[in-house]
Amino acid sequence: MDKIAFASFGSKAKPYVLTVAVQLGFAVASIFALASFNIGMSRFVFIVYRNIIAAITLAPFAWFIERKARPKMTLTVFLQIMALAFLEPVIDQGFTFLGMQYTSASFTSILYNSVPSITFFLAVIFRIEQVNIKQIRSIAKVIGTLVTFAGALLMIIYKGPQIHLFYSPNNAHHHAGSHDTQTLKHWVSGTLFLLCGCFAWSSFFILQSITLKKYPAEMSLSTLICFVGALESSAVALVAEHNSGIGVWALGWDFRLYGPLYMGVVTSGITYYVQGLVLQSRGPVFFTAFNPICMIATCALGSFLFGEQLHLGSIIGAVIIAIGLYSVVWGKAKDYSSATTIMPPSPVTMKQIEAEQLPITSSDHM
């Protein structure tokens, strides 16, 4: 009896444990990326290697698992894959890493909690999401989106005094003069770059939801996006680093290898599989509700390892964004429960409901 009770508890706890592990994995990914940039690795080259490794990691699983379910490739789907690869690996990752270098990994993690709300905003524009002001869940999503934007805006216009977490005096030189005009310009520019990355990532979700209806093989689609993204980002890197010589592409037994390897294998390989298990059992709303764990872990690791300092504006903005996030998540949860109530759960209808749910998180970002 005890064994049965323990097994039942383990089954119920499994989604929570896996989701927390994934969020911690995302936090470590941010630290690995920043460590790679701190030793001089080009962010353009980093993106290329990260997506090559991700494609190699995902390809065997996509080939065997979806070999019978993979639909035929069409010209429309191929063009959409090219657009998806440009939005996520090229634009999103490029602006995100640039913004991270100008601000911090902690700040980046905080601001990216606004992605679900931006996704909802774009989904309304493209009529993927419907808004009914007579429904509380629609009002909650609209208010949550506005609150999230308010939090992001606050983080742009107000920096405030420094907040020390695990700040090490040994890293003080890195933050000396952080209130001077040049650093403030970098902070504002970095925030704007991160917001561009947020919009690119949200746009990726919109197009992804459209593409999956024509090409319903998620792992194969992710593999192709990573592969095409590696090709497109290679072209960008060759242009951006044309004066740097062949040495810029060199890898070593340091974070120039560990960073792309970790993000390619863990955040695009293992994490993709684990996230898929959670999404199948509990849905995207459950998974997204744990996003602040990544934010908290990234802030703690960034402060402890790199001496990153948060500012009062970031703390207040994080709280406001989290409130907006949960308002949107609550509205999406009501949408999901309403859909499952109207349509009795069967293997076919449940799969249709999951396919029609707008993605509000991603397996291949950080």
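All values reported here derive from a predicted model rather than from experimental measurement. (Residues numbered from 1 in each chain as written. Predicted model: local features only at pLDDT ≥ 70, side-chain atom pairs only at ≥ 80, totals over all residues. Heavy atoms only, no water.)

(A) Structural detail: the nonpolar core. Core analysis: the largest hydrophobic core is formed by 35 residues, its most contacted members being Ile110, Leu111, Phe204 and Ile225. Those elements that provide at least two residues to this core are α3 (75–102), α4 (105–111), α5 (115–125), α6 (136–157), α7 (181–214), α8 (218–240), α10 (291–306) and α11 (312–342). If one sorts the elements of this core by residue count, α7 sits on top with ten residues. In contact with isoleucine 110, not counting residues within four places along its chain, are Met155, Met295, Cys299, Leu310, Ser314, Ala318 and Ile321. If you look at the next biggest cluster of nonpolar residues, it comprises 21 residues, including Leu34, Ala105, Ala237 and Val248. (Core = buried A, V, L, I, M, F, W, Y, C linked by side-chain atoms within 4.5 Å. Buried < 20%, exposed > 50% of the residue type's maximum accessible area, 1.4 Å probe, protein only. Helix = DSSP H or I, 4+ residues; strand = E, 2+ residues; numbered from the N terminus. Contact = heavy atoms within 4.5 Å.)

(B) Quick look at the pattern of salt bridges. Considering all chains together, one arrives at one salt bridge under this definition. Between arginine 256 and aspartate 254 there is a salt bridge, and its shortest N-O distance comes to 2.8 Å. Residue classification places aspartate 254 among the partly exposed residues on the basis of a relative accessible area of 22%. (Salt bridge = Lys/Arg side-chain N within 4 Å of Asp/Glu carboxyl O.)

(C) Quick peek at a nonpolar patch on the surface. Among the surface-exposed residues, Phe121, Ile125, Phe126, Ile128, Phe199 and Ile210 lie close enough to one another that they form a single nonpolar patch of about 530 Å² accessible area. Among the elements of the structure, α5 and α7 are those that each provide at least two residues to the nonpolar patch. Summarising the element assignment, isoleucine 210 is placed in helix α7. (Patch = residues over 30% accessible without salt bridge, like charges linked within 9 Å, V, L, I, M, F, W, Y side chains within 5 Å. Areas by Shrake-Rupley, 256 points an atom, 1.4 Å probe, with all protein chains shown as cover.)

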